Structures are given as structure tokens and as C-alpha cells.
Protein chains: 2
Amino acid sequence: MTSKERGILIVLSGPSGVGKGTVCKALRGYAPELVYSVSATTRTPRPGEIEGVNYFFKTREQFKRLVDTDQMLEYAEYVGNRYGTPRQFVEETLNEGKDIILEIEVQGALMVKQRFPEGVFIFLLPPSLDELESRIVGRGTETEESIQSRMSVAMDEFRLMDYYDYAIVNDQVEKACSRIQSIIVAEHCRKDKVMNKIKQWMVEVK
Amino acid sequence: MTSKERGILIVLSGPSGVGKGTVCKALRGYAPELVYSVSATTRTPRPGEIEGVNYFFKTREQFKRLVDTDQMLEYAEYVGNRYGTPRQFVEETLNEGKDIILEIEVQGALMVKQRFPEGVFIFLLPPSLDELESRIVGRGTETEESIQSRMSVAMDEFRLMDYYDYAIVNDQVEKACSRIQSIIVAEHCRKDKVMNKIKQWMVEVK
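Source: prediction; values computed, not measured. (Residues numbered from 1 in each chain as written. Chains lettered and ligands numbered in written order. Predicted model: local features only at pLDDT ≥ 70, side-chain atom pairs only at ≥ 80, totals over all residues. Heavy atoms only, no water.)

(A) The overall build of chain A, seen in detail. In terms of helices and strands, chain A carries eight helices and nine strands. When the backbone C-alpha atoms are referred to their principal axes, chain A occupies close to 70 × 40 × 30 Å. Within chain A, buried positions represent 46% of all 206 residues. In chain A, the share of contacts with a sequence separation of at least 24, taken over all contacts with a separation of at least 6, comes to 66%. Of the roughly 10,600 Å² of accessible surface on chain A, a fraction of 50% belongs to carbon and sulfur atoms. Each charge class in chain A was averaged separately, 28 positive and 31 negative side chains, and the resulting centres sit 5 Å apart. (Helix = DSSP H or I, 4+ residues; strand = E, 2+ residues; numbered from the N terminus. Buried < 20%, exposed > 50% of the residue type's maximum accessible area, 1.4 Å probe, protein only. Contact = heavy atoms within 4.5 Å. Areas by Shrake-Rupley, 256 points an atom, 1.4 Å probe, with all protein chains shown as cover. Lys, Arg positive; Asp, Glu negative; His and termini not counted. Charge placed at Lys NZ, Arg CZ, Asp CG, Glu CD.)

Okay, here's the thing in C-alpha cells:
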């Protein structure tokens, strides 16, 4: 029997308001075979949250050790708590031959790219700038000032799209999911992924 | 209105016996929006063959001129007749924003790659070497010697897979078609294809 082909790490990212979370949630329905990355955090578990499902809960000391030993693919701090993506869970999933998807902010995605360049990086785009603005406004929680600030951050983040492999427009959630699924199929068909099979054939024939 | 996105040239290739023709025929049903490249030939039209549909019929003089002026993406000679892929038809189709597929032998595909490196090159593989051999035997037209010769050519051609972008296994025709369709969707989502849109946004905002 041949050894199992390794899985692919898919990183889904894009500016705030573009619909990363919605797309990723819908994708769970369309692509149940995909594994969803579990983050580590130093915040205390909320009622009902399960270790290894919602988060890997870590002390600040444990978290720091993971960062210091390069065991975090990316990490950031929000309102006094640290969040990050542990490399171990990703590696174990890939070694089982499963694909894993990581939904993450643009800055975090670039950190992952440095540590895991063989990942497939997908940038999610709004259909238009107007649409992005109305999605941010639609949340109803933002002041005029914070809306403009978010739009300005988004513009800076669009420039970082150059570090990504793919860019897909989130015009309709189903379409965006279908495009992501096509990208995953295509990446499994990359010549390099199949080259080992051929090398085996060459040995058989000799 | 923004200018239409340019189409993609897909080159489907692989050793003799792997099922290129069968897959390409089935794909016409699954992907009617794809344009199929029309070859030029110096052979005389058979009854019912239509210029520009079955072939572009050329005199040897016309064909030679197309080759000499680099208007042929690839060409070869079979039993006294010349066959080739005229660049003009491909370019016109791409400029209309349509994708075009070219089904072709491995050597021809490498000629196309030299002249049209931005094409997407897909190598079709048999599920196994045994299966390839039984497909060649199954034609019932080959001697033992010619079967071995075809297998040996196939082995040489597998080594050329390295010049391709993708490799797909033709285990089932529908699956092979579906993989090709995923590759086409993914290629349209490549970051470079979407970059122009972003550049336009940057201008809008300034």
C-alpha cells in the first residue's frame, strides 16, 4: 500500500466585513470532510466550551512557551487575552491526509505564510467597495469614524493580497464556498502532488 | 464598464492510451461554455467536414507560412500531412473572454508551452501502468511489439510531466472532467487575475 497523501492547509483571510466567518461556517455544510483549525487562547473557557473543540485553553505561561519554541503558526493579543494557531494540531491533521482550513485576519495570515509557506492562501474580497462599506454599516455597531477607519484598514489590507495565491469574490456565500472547494481540488491535482506516484512507476518498471 | 477578463488556454495532454480524447469529448457535455481548439491541416477535407469547425484546411504553402511567421502554437507531420494549432483562433477566443481547451500529444504540448507559457498544462494519467497497458491492448489493433513500444514511449512521456502544472488521474471519465473543471475555476481565482480589480479600487478611493 502506498503512503497516504498529505493534506493541504488552506488559509482563508480578508479584511474585516468581507464575510470570512459566514463563508467558513457555510463551508462546514458543503465540505464536511474539511477539518477546521482550532485556536489556542489564554482566556478562560465560557460555559459549554470544550477543550480541543472550541479552543485549546492555555495558561499565559504555556502560551508563551509555544510561541518561544515556534509552535504557534500565528498569534495576536485582543483585549488582554492571547490567541493563536498551534502548529501541532495542523501538522497532525495534515499527516492524517486531511485538509485543514484556517479562517484568520490578514496580518495573521501573513505570519502563517512565513512559517508555513506551502499553505494555500485565499484572500476573500467584497463584490465592491460600496458593498464592503454597507456590510460594515449594516452591523449597526460602528460610529461614522470607526467605519471610515475600518475602510481605511481594508484598503491597506487589499495591498497585501499580493502575498496570497488566490482571491475570490464573496458575491454569494454558496458561490464563494464552491470556488474554495474547486481550489482545494485543483491544489490536490498539482503536478508535484502526483510526482511521487510516477517515481514509483519508474521503479516498478526498472 | 470594466474590460472583459481574458480567457485561459487549457492544454490537456498525456501518453497515448490514457483517454485524452474520451475525456475531452465528455467535457463538451459537462462544460459547454468551453471552446475547443480547431486544428489546421494540409490534408484534403473529407465529405461533411466543415472549414473552421472540424479543421482549418490549408495548402502546404499556407501552412509553411504560418509556421515560418510563428503563427502555429505547435505542429507535426503524420502520414504525409501536416497538422497544427493556429495561434490566431486561440488568441481571438481568449480575447473574447472565453476559455479554450486544446487536446494534444505530449510533444505538441511542450511546443505550446514554449510559445504560450501562460497556458494551464494538464497531464492526464492512467490509474496504473497495468491499466494503461490493458487499454492499449484493448484497442485490439496492436501487435505485442507495438504494445511494448507504446508503453516505453509512455514511460518517457511520464518524465515530461514535470513541465506541466497539473496531473490528473483518469480513473473515471466524469471524475477527470470534474477535476479539469475545478482547475479552470481555480485558475480564474488566481490572485493575479483579480489584481486589476483591486488596482481600480485604489484609484477610485484616491
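(B) Highlighting the interface of chain B and chain A. Listed as interface residues are 33 residues of chain B and, on the opposing side, 33 residues of chain A. Buried surface at the junction of chain B and chain A, both sides included, amounts to about 3,000 Å², of which 72% is carbon and sulfur. Considering only the surface of chain B that becomes buried against chain A, B:Lys191, B:Trp201 and B:Met202 emerge as the three largest contributors, covering 21% of it. Along the contact surface separating chain B from chain A lie two salt bridges. With its nearest N and O atoms 3.4 Å apart, the salt bridge here joins B:Lys191 to A:Asp162. (Buried area = accessible area lost by both parts, 1.4 Å probe. Salt bridge = Lys/Arg side-chain N within 4 Å of Asp/Glu carboxyl O.)

(C) Spatial organisation of the environment of A:Phe158. In this structure, A:Phe158 sits in helix 6 (residues 144-159). Given the relative accessible area of 0%, A:Phe158 is considered buried. Setting aside anything within four residues of it in sequence, one finds A:Phe158 in contact with A:Pro15, A:Phe123, A:Leu125, A:Pro126, A:Leu129, A:Leu132, B:Ile198, B:Trp201 and B:Met202.

(D) Spotlight on the confidence of the model for chain A. Per-chain confidence: chain A averages 93 in pLDDT, with 98% of residues scoring 70 or above. Across chain A, the element-wise mean pLDDT spans from 82 in helix 8 (residues 191-205) of chain A up to 98 in strand 1 (residues 9-13) of chain A. (pLDDT = per-residue confidence, 0-100.)

(E) Broad picture of the domain arrangement of chain A. Residues and elements named next belong to chain A. Considered domain by domain, chain A is made up of domain 1 (1-34 + 99-206) and domain 2 (38-98). Each of domain 1 and domain 2 has a C-alpha centre, and these two points are 20 Å apart. Taken together, the contact pairs 16 residues of domain 1 with 17 residues of domain 2. Between domain 1 and domain 2 lies a buried interface of about 1,400 Å² when both sides are counted; carbon and sulfur atoms form 63% of it. Together, Arg 6, Ile 100 and Arg 115 form the three largest contributors to the area buried by domain 1 at its contact with domain 2, with a combined 40%. Here Glu 91 and Arg 6 are joined by a salt bridge, their closest N and O atoms 2.4 Å apart. The tally of links between domain 1 and domain 2 comes to five residue pairs in polar contact (both at pLDDT 80 or more). Looking at the side of domain 1 that touches domain 2, the elements with two or more residues in it are strand 7 (100-104) and helix 4 (106-115). Top contributing element to the side of domain 1 that touches domain 2 by residue count: helix 4, with four residues. (Domains from an automatic or database assignment. Polar contact = N/O pair within 3.5 Å; in protein donor to acceptor, adjacent residues only side chain to side chain.)

(F) Summary view of the UniProt feature "domain: Guanylate kinase-like" (unreviewed entry) in chain A. Feature annotation in UniProt assigns "domain: Guanylate kinase-like" (unreviewed entry) to the following positions: residues 7-185 of chain A. The span residues 7-185 of chain A carries 44% helix and 23% strand; its end-to-end C-alpha distance comes to 11 Å. (UniProt positions renumbered as here; feature names shortened; annotations may be inferred.)

(G) Up close: the sheet that holds strand 6 (residues 81-86) of chain B. All names here are of chain B. Strand order in the open sheet formed by four strands is 4-3-6-5, and the pairing between neighbours is mixed. In this open sheet, the two strands that pair with only one neighbour each are strand 4 (55-57) and strand 5 (72-78). Averaged over all pairs of adjacent strands, the angle between their axes in this sheet comes to 25°, without regard to strand direction. In this structure, strand 3 (residues 39-41) lies alongside strand 4, joined through three bridges in parallel fashion. Counted as the bridge partner of Thr 41 is Phe 57 from strand 4. (Pairing = 2+ DSSP bridges. Axes fitted to C-alpha atoms, helices over the stretch in contact; angles between N-to-C directions.)

(H) Broad picture of the environment of B:Phe63. By the secondary structure assignment, B:Phe63 is in helix 2 (residues 60-68). Residues contacting B:Phe63, with those up to four places away along its chain left out, are B:Ala40, B:Thr41, B:Thr42, B:Lys58, B:Met72, B:Tyr75, B:Arg82, B:Tyr83 and B:Gly84.

(I) Focus on the relation of the copies chain B and chain A. Least-squares fitting of chain B to chain A yields an RMSD of 0.0 Å, with the transformation described by 0.0 Å of translation along the axis and a rotation of 180°. In symmetry terms, the pair is related by a two-fold rotation axis. If distances are taken from each C-alpha of chain B to the rotation axis, the shortest is found for B:Ser182, at 2.2 Å. With an isologous cut-off of 70% or more, the 100% of interface residues of chain B that recur at the interface of chain A puts this contact in the isologous class. (Least-squares fit on C-alpha atoms with pLDDT ≥ 70 in both.)

(J) Representation of the side chain of A:Thr42. Residues and elements named next belong to chain A. Inspection of the secondary structure puts Thr 42 in the loop between strand 3 (39-41) and strand 4 (55-57). A distance of 2.8 Å separates a polar atom in the side chain of Thr 42 from the backbone nitrogen of Arg 82. In contact with Thr 42, other than residues within four places in its own chain, are Lys 58, Thr 59, Arg 60, Phe 63, Asn 81 and Arg 82.

(K) Layout of the layout of surface pockets. Residue and element names in this part refer to chain B. What the largest pocket holds in volume is close to 1,000 Å³. Taken together, 36 residues line the largest pocket, and the ones lying closest to its centre are Lys 20, Ser 39, Glu 103, Ile 104 and Glu 105. Of all the secondary structure elements, the ones that give two or more residues to the lining of the largest pocket are helix 1 (20-30), strand 5, strand 6, strand 7 (100-104) and helix 4 (106-115). Broken down by element, the residue count for the lining of the largest pocket peaks at six residues, all from helix 1. Here the lining of the largest pocket is composed, by residue class, of 15 nonpolar, 12 polar and nine charged. (1 Å grid on protein atoms, 1.4 Å probe; cavity = no way out; pocket = protein on both sides within 12 Å on 5 of 7 lines; lining within 4 Å. Points joined across faces, edges and corners; volume = space filled by probe spheres on them. Nonpolar A, V, L, I, M, F, W, Y, C, P; charged D, E, K, R; others polar.)

(L) How the structure looks around the packing of helix 7 (residues 173-188) of chain A against helix 7 (residues 173-188) of chain B. Contact geometry of helix 7 of chain A with helix 7 of chain B gives a least axis separation of 8 Å together with a crossing angle of 115°. One way to sum up the angle between helix 7 of chain A and helix 7 of chain B is to call them roughly perpendicular. Two packed elements cross with a definite hand, and for helix 7 of chain A against helix 7 of chain B that hand is left-handed. Where helix 7 of chain A abuts helix 7 of chain B, its residues A:Arg179, A:Ser182, A:Ile183, A:Val185 and A:Ala186 lie against B:Arg179, B:Ser182, B:Ile183, B:Val185 and B:Ala186. Broken down by class, the residue content of the contact of helix 7 of chain A with helix 7 of chain B amounts to six nonpolar, two polar and two charged. (Parallel < 35°, antiparallel > 145°, perpendicular 65-115°, else oblique. Left-handed = near helix turned anticlockwise from the far one by under 90°.)

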